[in-house]
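Residue-level structure breakdown
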Amino acid sequence: MAHEVPALPYAYDALEPIIDKQTMTLHHDMHHGAYVKNLNAAIEKHPDLANKSAEDLIRNLNSIPEDIRAAVRNNGGHVNHSMFWKIMKPKGGGDPSGPIAETIQKTFGNFKDFQTKFNDAGTKQFGSGWVWLAGKSGGEVQLISTPNQDNPLSQGLYPIFGNDVWEHAYYLKYNNRRPEYLAAWWNVLNWDEINKRYASFKSGKTADERELAHR
Ligand code: MN
């Protein structure tokens, strides 16, 4: 079964003015589309991997045949972006609530300090990459940034939520002002979805396993 780009759960212009329609269209259709196309092309060379979820593929990169390992790693961008569309929504944002709010407060003191640290990490990520709130095996959470399309799953961490700091995510509207994009992005966050992902992490289930269970 080939990997597929999930439909955007809202219209291309629904996150305006935070993220503009053209950026969303290019980002979803072209960039995410390319990660999926290239991932499928790599997997075609190793049909034994055809039934593995994209998350499973990047969770065990060392087990991926060497000739397609870099392609699978890079196109783990499929996993990152499938998360990214869902953790945003029109008229989102505001203060987090529920278990994720408690965890942020416990770990970072308060939400504002957490946002500042998250935005700093995103600003300092040199070149392309992501900034994440990631879950650790003991149940705690931590802030990390990753280069390129690397996902916390490849480090044994759980991607609770993350922001894409590749220029393709913001350059048309924010130009070189990445900190401005990082600051604005909180206004489109879908805390209900983030709480669902946090619950999946706490239950030891991956997001794809949760999706399967809900089908
Ligand atoms: Mn992207």
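Residues numbered from 1 in each chain as written. Predicted model: local features only at pLDDT ≥ 70, side-chain atom pairs only at ≥ 80, totals over all residues. Heavy atoms only, no water.

1. Regarding the nonpolar core
Counting residues in each nonpolar core, the largest one holds 45 residues, and the members touching the most others are Met 88, Phe 114, Ile 160, Phe 161, Trp 185, Trp 186 and Trp 191. Counting residues per element, this core draws most heavily on strand β1 (residues 129–135), at five residues. Discounting chain neighbours no more than four positions away, the residues touching Trp 191 are Gly 93, Gly 94, Asp 95, Pro 96, Ile 100, Ile 104, Phe 111, Phe 161 and Trp 186. Formed by 13 residues, the second largest nonpolar core is a distinct cluster that contains Ile 58, Ile 68, Val 79 and Leu 153. (Core = buried A, V, L, I, M, F, W, Y, C linked by side-chain atoms within 4.5 Å. Buried < 20%, exposed > 50% of the residue type's maximum accessible area, 1.4 Å probe, protein only. Helix = DSSP H or I, 4+ residues; strand = E, 2+ residues; numbered from the N terminus. Contact = heavy atoms within 4.5 Å.)

2. With respect to a nonpolar patch on the surface
There is a patch of nonpolar side chains on the surface, built from Leu 26, Met 30 and Leu 172 and spanning about 290 Å² of accessible area. Turning to its location among the elements, Met 30 is positioned in helix α1 (residues 21–44). When its relative accessible area of 55% is taken as the criterion, Met 30 is described as exposed. (Patch = residues over 30% accessible without salt bridge, like charges linked within 9 Å, V, L, I, M, F, W, Y side chains within 5 Å. Areas by Shrake-Rupley, 256 points an atom, 1.4 Å probe, with all protein chains shown as cover. Salt bridge = Lys/Arg side-chain N within 4 Å of Asp/Glu carboxyl O.)

3. Thoughts on the coordination of the manganese ion
For a metal bound by four donors in a tetrahedral arrangement, the ideal donor-metal-donor angle is 109.5 degrees, while six donors in an octahedral arrangement ideally sit at 90 or 180 degrees. Those donors, His 27 (NE2), His 81 (NE2), Asp 164 (OD) and His 168 (NE2), are the protein atoms that reach the manganese ion, and they lie 2.0 to 2.1 Å from it. One chain supplies every donor for the manganese ion, spaced along it as H-x53-H-x82-D-x3-H. Under the relative-accessibility criterion, Asp 164 is labelled buried at 0%. (Donors = N, O, S within 2.8 Å, 3.2 Å for Na, K, Ca; no water.)

4. A look at the sheet that holds strand β3 (residues 158–164)
Pairing is antiparallel in the open sheet, where three strands are placed in the order β2-β1-β3. Two strands lie at the open edges of the sheet, namely β2 (141–147) and β3, each paired on one side alone. Each strand axis lies, on average, 25 degrees off the axis of its neighbour in the sheet, ignoring direction. Here β1 runs beside β3; their pairing, made up of six bridges, is antiparallel. Following the sheet pairing, Gly 135 is matched in β3 by Tyr 158. (Pairing = 2+ DSSP bridges. Axes fitted to C-alpha atoms, helices over the stretch in contact; angles between N-to-C directions.)

5. Some remarks on the confidence of the model for the protein chain
Per-residue confidence for the protein chain averages 94 on the pLDDT scale, and 94% of its residues sit at or above 70. Predicted confidence is poor over residues 211–215, with pLDDT under 50, and the contacts of this stretch with residues over four places away or in other chains come to one contact. (pLDDT = per-residue confidence, 0-100.)

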